[in-house]
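Structure assessment
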Amino acid sequence: MTSTSCVRPLQADDRARWDELWAGYLQFYQQTLPQSTTDLTWRRLMEGRELWGFAGLDDGGRMVGFVHYHFHLSTWSPVGYCYLEDLFVDPQGRGRHVGRSLIEAVYKAADERGSARVYWHTENTNARAQILYNQIGHLTPFLQFRRRS
């Protein structure tokens, strides 16, 4: 892959490769999901009403990464925010600007929508990703808390 990767919206015929990458993403974060949740996520991505996604392609046109994002209202902004929910690049495609290109595609989509902010989370142990994130974003002082199970 060259230093400028190709990014395009996810398409229906990406499903098989997306499934492979999605499985790698879940494995990276040591998570499992019911197949019904994976199927619902894909349907939402294809509908393009609540959830959107881009595919990152190598020079041969093979999908090597994806990003998912959605928009939401905010009490702090009249135009709302864009949340970059999932980002994954196949380990063999890393270091080739795919992740950067996918994030920049989300930035562009958010700008077109007029979002006041694009934000995302990662685990504090995801050091490799944080190298990129520190180049194209900034770390906020906020911590995330969740309801106890």
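Only a predicted model underlies this, so the values are computations on that prediction, with no experimental measurement involved.

Quick notes on the pairing of strand S4 (residues 77-89)
Burial within S4 is extensive, with ten of its 13 residues counted as buried. Relative to S4, strand S3 (residues 63-74) runs antiparallel, the two being bridged by nine bridges. When the sheet's bridge partners are listed, Phe66 is paired in S4 with Phe88. What sits between the antiparallel neighbours S3 and S4 is a turn of two residues. Taken together, the three bridges between S4 and strand S5 (residues 117-119) define a ladder with parallel strand orientation. Bridge pairing in S5 links Cys82 to Val118. In terms of handedness, the path from S4 via helix H3 (residues 98-113) over to S5 forms a crossover that is right-handed.

A short note on the confidence of the model for the chain
Taken residue by residue, the chain gives an average pLDDT of 93. The fraction at 70 or more is 97%. At the low end of the mean pLDDT range in the chain sits helix H4 (residues 127-136), at 92; at the high end sits helix H2 (residues 35-47), at 98.

Quick notes on the layout of surface pockets
Taken as a whole, the largest pocket holds about 1,800 Å³ of empty space. Looking at the largest pocket, it is lined by 42 residues, and the ones nearest its centre are Tyr83, Tyr119, Trp120, His121 and Thr122. Of all the secondary structure elements, the ones that give two or more residues to the lining of the largest pocket are helix H1 (15-28), H2, S3, S4, S5 and H4. For the lining of the largest pocket, the class distribution of residues is 20 nonpolar, 15 polar and seven charged.

Some words on H4
Residues of H4 that are buried include every one of Ala129, Leu132, Tyr133 and Ile136, and no others. Take H4 and look down its axis: the buried residues cluster within an arc of 100°, on one side only. Counted as exposed and oriented over 90 degrees from the buried face of H4: Ala127, Ile131, Asn134 and Gln135.

Digging into the side chain of Ser115
By the secondary structure assignment, Ser115 is in the loop between H3 and S5. Those residues within four positions of Ser115 in sequence are excluded, and the remaining contacts are Phe71, Val79, Gly80, Tyr81, Cys82 and Ala110.

Overview of the pairing of strand S2 (residues 52-57)
Counting buried residues along S2, five of its six residues qualify, which places the element largely inside the surrounding structure. In terms of strand pairing, strand S1 (residues 6-9) meets S2 through four bridges, oriented antiparallel. Its bridge partner lying in S2, Val7 is registered against Gly56. Across six bridges, S2 lies against S3 in antiparallel orientation. Each residue of the ladder has a partner; that of Gly56, found in S3, is Gly65.

Points about the packing of H1 against H2
How two helices pack is summed up by the angle between their axes together with the distance between the axes. Across the interface, H1 lies against H2 with an axial gap of 12 Å and an inter-helix angle of 130°. In terms of orientation, H1 lies oblique with respect to H2. Between H1 and H2 lies a crossing whose hand is right-handed. Facing Arg15, Trp18, Asp19 and Trp22 of H1, the residues of H2 in contact are Gln35, Thr38, Asp39, Thr41, Trp42 and Leu45. Grouping the constituent residues of the contact of H1 with H2 by class yields four nonpolar, three polar and three charged.

About the criteria used
Residue positions are given per chain, counting from 1 as you read along its sequence in written order. Restriction of local features to residues with pLDDT of at least 70 applies here, the model being predicted, together with a cutoff of 80 or more for giving and counting side-chain atom pairs; totals for whole chains, interfaces and linings are based on all residues. Side-chain descriptors were evaluated using all non-hydrogen atoms of the structure, hydrogens and water having been removed beforehand. For each residue, the accessible area found with a 1.4 Å probe, counting protein chains only, is set against the maximum for its type, and the residue is called buried under 20%, exposed over 50%, and partly exposed in between. Think of it this way: any DSSP run of H or I at least four residues long counts as a helix, any run of E at least two long counts as a strand, and we number them from the N terminus. Any two strands with at least two DSSP-identified bridges between them are counted as paired. Crossovers are described as right-handed under a simple rule: with the strands pointing away from the observer, the path leading from the first strand over the helix to the second runs clockwise. A residue's pLDDT is the predictor's confidence in that residue, given on a scale from 0 to 100. Lining residues are those with an atom within 4 Å of a point, where the points come from a 1 Å grid over the protein atoms alone and group into cavities, where a 1.4 Å probe fits but cannot get out, or pockets, open sets with protein on both sides within 12 Å along at least five of seven lines. Grid points are joined across faces, edges and corners, and a volume is the space filled by probe spheres set on the points. Gly falls in the polar group here, along with every residue not listed as nonpolar (Ala, Val, Leu, Ile, Met, Phe, Trp, Tyr, Cys, Pro) or charged (Asp, Glu, Lys, Arg). When we speak of the arc, we mean the arc of directions from the helix axis to the C-beta atoms. Residue contacts are defined here by distance: any two heavy atoms, one from each residue, within 4.5 Å place the two residues in contact. For helices, the axis comes from a line fit to the C-alpha atoms of the stretch in contact; other axes are also lines fit to C-alpha atoms, and the angle between any two N-to-C directions lies between 0 and 180 degrees. Angles below 35 degrees are treated as roughly parallel, those above 145 as roughly antiparallel, those between 65 and 115 as roughly perpendicular, and all remaining angles as oblique. Throughout, a crossing is termed right-handed when the near helix is turned clockwise from the far one, and left-handed when it is turned anticlockwise from it by less than a right angle.

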